[in-house]
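Residue strings, one per chain:
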Amino acid sequence: MHGEFELINRWLAPAHASTMDTGVVLGVGDDACLLSPTAGQQLVVSVDTSVEGHHFPAKAPASAVGHRALAVSLSDLAAMGARPRWCLMSLALPVSDAAWVAEFAKGFHALCDAAKVNLVGGDVTAGECAVSVTVMGEVEPARALRRSGARAGDILAVTGALGGGAGGLAAWQAGEHDLQHPLVSRYLLPQPRLEAGRVLAELASSAIDISDGLLADLGHVLEASKLGAKLDAQAIPLAEGLVDLLGEEGAMQAALSGGDDYELLVTLAPERLAAAQAELASFGLALTEIGRLVEGSGIDGVKMPTKAGWQHFSGGEP
Ligand SMILES: [Mg+2]
C-alpha cells in the first residue's frame, strides 16, 4: 500500500500554489493549517459525509465521487448565502488504488477551482469507502440566510429544476451510466448554487438547499419560521427528461420527495421576486415561484407522497 502521506501529498494537496489572496497562511503539510479570515466577516462552517452504497453508487466514476462530495458540502454554504473559501477533506478507502485516487482528486480539485475554494488539509485512512468534507466560507454579518427568516406572505421559489437527483438515481439503477446523461449528471455531478446564494443573501428572507426533497426541506423552513405554506404543485419546475423516464406521477414524486437536487429553496418578499429572477437569469439560472408562506402550519396544495412513492425514492440503495 502507498503510504498515507504519499497519497496525501501526491493527490490531495493543491496542484498549484496560488498567489491570489487565499487567506491561507500555512496550508497542507504541517500539523494543521493557518487561515486568515477577512476582517469583519462571519465564518460559515459545514460538514457532510458521503458513504459508498448509501450516498453514491459503488461503481460511480471516481471523479464524480470527488466532485459530489465537495458539491454537497458547498451546497450548504450556498444555502447560507456564503462565499466559500476553504475546505478540509477526509477520505477512507478499503484498498490503496492510486488510479482511483488520482481520478477522485481530479473531480475534487476541478470543483475547488470552479468554486474558488482552497483545500487546506486532508487525511486518508483505510476503511469503507467514504468521503467527509468540511467547508468554510464567509458572509457579511447579519446577511446569512437562516431557515427561520421566512414571513407570512413571502413567495416560495426554487432555483433550477427539481427531481433530477432521484431521476438520475433511477436512470443509473436502470443501467444508464453516462455522466453526460442529463439526469445522471444531476445526480452524480450536482452544481452547488453558490452564485445564486450570494445574490439571494441580499434579497431572500430564508433559504435551504434541497438535499432531502422539497417537502422535507420546506418542512424544515416552516418549522424554523413557525409558518405554513401553500404550494402550487403544477408550477414546480421538473428536471429535463424526468417525465419521459418516470411518467407524470413519478416525476412529481421525485420532485416532491426525491432529494439530492441541491437546488435552493428560498422565501422572499413578493416585490423582490422580479429582481431576484433577473439577477439569476444573468448567469442562466431560473428562479421559479412555487407557492406562498401563510400563517399556521403544514403544507397545503399537494397530495402528500404515498408510502410506496416515498419508499421508492428514498429507501433503495444506489
Ligand atoms: Mg443543507
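This is a predicted model, so every value here is computed, not measured.

(A) Quick look at the coordination of the magnesium ion. Protein ligation of the magnesium ion involves D76 (OD) and D209 (OD), the donor distances falling in the range 2.0 Å. Residue D76 is located in helix α2 (residues 62–80), and its partner D209 is located in strand β8 (residues 206–209); the two are separated by 133 residues in the primary sequence.

(B) Broad picture of a nonpolar patch on the surface. A grouping of V25, L26 and L34 is seen on the molecular surface, where their side chains present a nonpolar patch of about 260 Å² in accessible area. Take L26: its relative accessible area is 32%, and that puts it in the partly exposed class.

(C) Seen up close, the pairing of strand β9 (residues 228–231). Bridge count for β9 against strand β11 (residues 287–294) is four bridges, and the pairing is antiparallel. Residue pairing for β11: K230 is matched across the bridge by R292. When β9 meets strand β12 (residues 299–300), the two strands line up parallel, connected through two bridges. Considered in β12, the bridge of A229 is made with I299.

(D) Main features of helix α3 (residues 98–115). Over its 18 residues, α3 runs 25 Å from end to end, which matches the ideal 26 Å to within 8%, given 1.5 Å per residue. Of all the positions in α3, only W100, V101, A102, F104, A105, G107, F108, H109, L111, C112 and A115 are classed as buried.

(E) A look at the sheet that holds strand β6 (residues 130–139). Here four strands make up an open sheet; going across it, the order is β3-β6-β4-β5 and the pairing mixed. Two strands in the sheet have a free side with no partner beyond their single neighbour: β3 (42–51) and β5 (118–126). Pairwise comparison of adjacent strand axes, ignoring direction, gives a mean angle of 15° for this sheet. Summarising the sheet, strand β4 (residues 83–93) and β6 pair through nine bridges and their orientation is antiparallel. Paired with L91 across the bridge in β6 is V131.

(F) View of the UniProt feature "binding site: Mg(2+) 4" (unreviewed entry) in the protein chain. This chain's UniProt record puts "binding site: Mg(2+) 4" (unreviewed entry) on D31, S46 and D76. Along the polypeptide, D31 turns up in the loop between β1 (24–26) and β2 (34–35). Setting aside residues no more than four positions away along its own chain, D76 makes contact with S46, D48 and D209. Engagement of the side chain of D76 in a polar contact is seen with the side chain of S46, the distance being 3.4 Å.

(G) Highlighting helix α8 (residues 242–257). An ideal rise of 1.5 Å per residue puts 22 Å on 16 residues; α8 reaches only 14 Å between its terminal C-alpha atoms. Along α8, the sharpest kink reaches roughly 100°, centred on E248. Every buried residue belonging to α8 is among L242, G250, A251, M252, Q253, A254, A255, L256 and S257, and all of these are buried. Immediately downstream of α8, the backbone of G259 shows phi near 80°, a positive value.

The rules behind these values
Along each chain, the written sequence defines residue order, and numbers are assigned to residues from 1. Totals for whole chains, interfaces and linings use all residues, but because this is a predicted model, local features are given only for residues with pLDDT of at least 70 and pairs of side-chain atoms are given and counted only at 80 or more. To obtain the side-chain values, all non-hydrogen atoms of the structure were used and water was disregarded. Metal donors were taken as nitrogen, oxygen and sulfur atoms no farther than 2.8 Å from the ion, or 3.2 Å where the ion is Na, K or Ca. Water is excluded, so coordination may look unfinished. In this text, helices come from DSSP runs of H or I with a minimum length of four residues, and strands from runs of E with a minimum of two, each type numbered from the N-terminal end. What makes a patch is a set of residues exposed beyond 30% relative accessible area and free of salt bridges, joined within 9 Å when like-charged and within 5 Å when nonpolar (Val, Leu, Ile, Met, Phe, Trp, Tyr). Accessible surface area values rest on a Shrake-Rupley calculation with a 1.4 Å probe, where residue burial reflects the displayed protein chains alone. Salt bridge, as applied in this entry: a Lys or Arg side-chain nitrogen positioned within 4 Å of an Asp or Glu carboxyl oxygen. Relative accessibility under 20% of the residue-type maximum defines a buried residue, over 50% an exposed one, and the middle range a partly exposed one, all with a 1.4 Å probe and only protein chains included. Two strands pair under a simple rule: DSSP has to find at least two bridges between them. Any helix carries an expected span of 1.5 Å times its number of residues minus one. To obtain each axis, a line is fitted to C-alpha atoms, and for helices this fit is confined to the stretch in contact; angles are then taken between N-to-C directions over 0 to 180 degrees. UniProt positions are given in the numbering used here, feature names are shortened, and annotations may be inferred rather than shown by experiment. Contacts: residue pairs with any heavy atoms within 4.5 Å of one another. Distance and chemistry together define a polar contact, namely a pair of N or O atoms within 3.5 Å, with one atom able to donate a hydrogen and the other to accept it when in protein, and with adjacent residues in sequence counting only for side-chain atoms on both sides. The seven residues ending at a residue and the seven starting there each receive a fitted axis; the angle between those axes is the bend at that residue.

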